[in-house]
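Structural characterization, general
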Amino acid sequence: MKAEWIIVGQGLAGSCIARQMEAQNMDFLLVDNQLERSSSLVAAGLYNPVVFRKFNLSFQAKKLVPYLRKFFGQIESEFGVEVHQDLPIYKLFHSHEEANNWAARCTEPGFDAFMDKDLLPAGFVESAECSFGAGRVKQAGRVNLPLLLQTLQAYFLEKSLLVTGEIQDLQANTEGFELSLTDGKTIQGQKVILCDGHLAKNENWFSYLPLGATKGDVLTVKIPGLKTDGVLNKGFFILPLGDDLFRVGATYEWGNSSYDLSEKGRQELLEKLEGVVQLPYEVIDQQSGLRPTVGDRRPLIGEHPKQKGLYTFNGLGSKGVMLAPYYSEHMVDYLLGKSELDPDVDLKRYEHHWEKNQKPASGN
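Below is a summary of the structure that appears in this document. (Residues numbered from 1 in each chain as written. Predicted model: local features only at pLDDT ≥ 70, side-chain atom pairs only at ≥ 80, totals over all residues. Heavy atoms only, no water.)

**Notes on the overall build of the protein**
For the protein, the helix and strand inventory stands at eight helices and 20 strands. Relative to the 2.2 N^0.38 estimate, which gives 21 Å for 364 residues, the radius of gyration of the protein is 21 Å and therefore close to what a compact globule would have. With respect to the principal axes defined by its C-alpha atoms, the protein has extents near 65 × 45 × 45 Å. Out of the 364 residues belonging to the protein, those deemed buried represent 52%. A separation threshold of at least 6 residues defines the contact pool for the protein, and within that pool the share at least 24 residues apart is 71%. As displayed, the protein has an accessible area near 16,500 Å², and 46% of this comes from carbon and sulfur atoms. Of the side-chain charges in the protein, 38 are positive and 47 negative, and the distance between the mean point of each set is 4 Å. (Helix = DSSP H or I, 4+ residues; strand = E, 2+ residues; numbered from the N terminus. Rg over C-alpha atoms; globule rule 2.2 N^0.38 Å. Buried < 20%, exposed > 50% of the residue type's maximum accessible area, 1.4 Å probe, protein only. Contact = heavy atoms within 4.5 Å. Areas by Shrake-Rupley, 256 points an atom, 1.4 Å probe, with all protein chains shown as cover. Lys, Arg positive; Asp, Glu negative; His and termini not counted. Charge placed at Lys NZ, Arg CZ, Asp CG, Glu CD.)

Structure follows, in structure tokens:
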């Protein structure tokens, strides 16, 4: 099999790149290992334009939110599926001071587009602890990532644009690159984009980048009697799924790169849940995944410092739903020579890591 471009990984990052390349009539093949616990499949799919720690706007929120709504709306229209849901997020305040800080922030230019200045009163959600009221985040929502990726997987398979299998090796050669799978298949490509999330730490090519694998656990919980039309957030989220079911998450466990379900994470989430919800509940399911995270919380986009034709699109972390649509177009425009990469996301910002920790780029 041959293609000009090989995209490694059909998670959210790789799928968005593939959609953008298809729109530009580029010649590509996707390769995916079908990992059931990939971060894209485990993630709740929430996007939130407000950073709750200091009530700042999320990175590039004014650009990213309109773009993602258009991007996922086009997929819904094309495939006849509902993958995007407008969903307010209710920030449950810990104190009167926090409520006052929210109100003050809403008076600043640009913030009222995302933060409702009309505060919600104490007790606005029955059977939930919200003694100091809450603030409502506007232009927030959820993308059903499992449905999105399953839909695109079926489409790419039907179009013969997706090859599934475990990758054994990636080698550069005189014609570009050769990707070998454990089943004996090989794929020839002139250029490669690695969209392999935290697995990038296991291969030699981009292992110099400060990319971490942050473990996160989420629970699916049945809570009869809890009524909310949006996500409740008090240092964790309670996401309504319908039929008394809720996703509760997520933990952030650094230094643990295991896919095993975390008992520590389960107990942490249940303690937080019991501190907010005053109703009986039943744990239905638990899932665990590894997020590809970067210290400065910006994506890693660009070409390898030495190996020409080898690129990465990674480091989207917990903001993937917001970042992937817009920056996949940004990257494809860069690949086509239409624009330069934004320095905030260009992996050149970490060239000093390459110079300090130089390793021969000999493949996986």
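On we go from here.
**A word on the sheet that holds strand E16 (residues 237-242)**
Ordered in space as E8-E7-E15-E16-E17-E14-E18, the seven strands form an open sheet in which the pairing is mixed. Edge strands, defined here as strands with exactly one partner in the open sheet, are strand E8 (134-137) and strand E18 (282-294). Strand-to-strand twist in this sheet, taken as the mean axis angle between neighbours without regard to direction, amounts to 25°. Of the strand pairs in this sheet, strand E14 (residues 211-222) and strand E17 (residues 245-249) are connected by four bridges, and their pairing is antiparallel. Residue pairing across strands places Val 221 opposite Phe 246, the latter belonging to E17. (Pairing = 2+ DSSP bridges. Axes fitted to C-alpha atoms, helices over the stretch in contact; angles between N-to-C directions.)

**Notes on the state of the cysteines**
Applying the stated rule across the entire model yields zero disulfides. With no disulfide of its own, Cys 195 has Cys 16 as its nearest cysteine by sulfur position, at a separation of 9.4 Å. (Disulfide = S-S within 2.5 Å.)

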